[in-house]
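Remarks on the overall topology
Now for the letters of each chain:
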Amino acid sequence: METFIENRNRVQPRHANNLGSAHGGNLLRRMDELGAMSAMRFAGNPCVTAHIDSVDFERPLDIGDIALIEAYVYDHGRTSVRVRIRAHAEDSLTGSRAVTTESYFVLAAIDDDRKPTPVLDLTVSSPETDQLREEALADEELA
């Protein structure tokens, strides 16, 4: 199952703090939403955020920047799904990217009664997704 999802939005003044850059809470909300979409695609059930590892804001996203957020499942437990989520500033003319924010989320798969439900084993279907998984596991160990 392909769980890599990405989304782009231009940072608007309504998303910004008093310094003219994206408010961290707004960015974190978008990261959480995309992470949940990736987890649900993998689990085949609704997923709720159970844990967020440290969030590293490495550089600001300024008003007018393109915020590219990418999320993918890289590991799982019995009922939990681990998702790596990164935000980038993307140049709208060249497509070049710089990481701005990064975190690892744990989401719990739930059933119709909102009780934890088991997830299937993660299978890696391509060299690209295998590389993403290996990078996430290695980087998580360093964190």
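Our subject is the structure listed above.
Residues numbered from 1 in each chain as written. Predicted model: local features only at pLDDT ≥ 70, side-chain atom pairs only at ≥ 80, totals over all residues. Heavy atoms only, no water.

Quick notes on the overall build of the chain
For clarity, the cut-off: Per the convention used, a helix needs a DSSP run of H or I reaching at least four residues, while a strand needs a run of E reaching at least two, with both numbered from the N terminus. Each residue is assigned to one of three classes by its accessible area relative to the maximum for its type, calculated with a 1.4 Å probe on protein chains only: buried under 20%, partly exposed between the two thresholds, exposed over 50%. Residue contacts are counted whenever heavy atoms from the two residues lie within 4.5 Å of one another. The method behind every accessible area is Shrake-Rupley, applied with a 1.4 Å probe, and residues are considered shielded solely by the protein chains displayed. Counted charges follow a simple rule, with Lys and Arg positive, Asp and Glu negative, and His plus the chain ends left uncounted. Charged side chains are reduced to one point each, which is NZ for Lys, CZ for Arg, CG for Asp and CD for Glu.
For the chain, the helix and strand inventory stands at two helices and six strands. Reading the chain from its N end, one meets helices and strands in the order β-α-β-β-β-β-β-α. C-alpha extents for the chain along the principal axes are approximately 45 × 35 × 25 Å. For the chain, with 143 residues in total, the buried portion stands at 39%. The contacts of the chain with a sequence gap of at least 6 include a subset with a gap of at least 24, amounting to 71%. Accessible area of the chain: about 7900 Å², with a carbon and sulfur share of 49%. When the 15 positive and 25 negative side-chain charges of the chain are each reduced to one mean point, those points stand 6 Å apart.

Regarding the nonpolar core
Convention followed: Side-chain atoms within 4.5 Å link the members of a nonpolar core, which is a set of buried Ala, Val, Leu, Ile, Met, Phe, Trp, Tyr and Cys residues.
Among the nonpolar cores identified, the biggest contains 26 residues, and Leu-61, Ile-69, Val-81, Val-83, Ile-85 and Leu-107 are the most heavily contacted of them. Breaking this core down by element, the ones donating at least two residues are α1 (24-43), β4 (66-76), β5 (80-90) and β6 (97-109). Examining the composition of this core, we find that seven residues originate from one element, α1, more than from any other. Look past the residues within four positions of Leu-107 in its chain and what remains in contact with it is Gly-35, Ala-36, Ala-39, Cys-47, Val-48, Thr-49, Ala-50, Thr-79, Ser-80, Val-81 and Val-83.

Some remarks on the side chain of Thr-101
Basically, it comes down to this: Any pair of N or O atoms that falls within 3.5 Å is considered a polar contact. Within protein, one atom must be able to donate a hydrogen and the other to accept it, and sequence-neighbouring residues count only if both atoms are side-chain atoms.
Within the fold, Thr-101 resides in strand β6. Within the local environment of Thr-101, its side chain forms a polar contact with the side chain of Thr-100, the two groups lying 3.4 Å apart. Excluding its chain neighbours within four sequence positions, the residues that come into contact with Thr-101 are Leu-27, Met-31, Val-55, Asp-56, Phe-57, Ile-85, Arg-86 and Ala-87.

Describing the packing of aromatic side chains
What counts is decided by this rule: To pair, rings of Phe, Tyr and Trp, with the six-membered ring standing in for Trp, must have centres within 6.5 Å; the planes then decide the type, stacked if under 30 degrees apart, edge-to-face if over 60, and tilted in the middle.
Summed over all chains, the structure comprises two aromatic pairs. Ring geometry for Phe-4 versus Tyr-72: centroids 6.1 Å apart, planes at 25°, classification stacked. Of this pair, Phe-4 sits in the segment before β1 (5-10) while Tyr-72 sits in strand β4; the two residues are 68 residues apart in sequence, bridging distant segments of the chain. On the basis of relative accessible area, Phe-4 is assigned to the partly exposed category, the value being 25%.

Quick word on the pairing of β4
Sheet faces and side chains relate simply in a regular strand, where the side chains alternate between the two faces. Our working rule: Following DSSP output, two strands are said to pair if at least two bridges run between them.
The buried fraction of β4 is high, at nine of 11 residues. Sheet topology places β1 next to β4; six bridges connect them, and they run antiparallel. For Asn-7, the partnering residue across the bridge sits in β4 and is Ile-69. Here 10 bridges tie β4 to β5, and the two strands are oriented antiparallel to one another. Along β5, the bridge assignment pairs Ala-67 with Ala-89.

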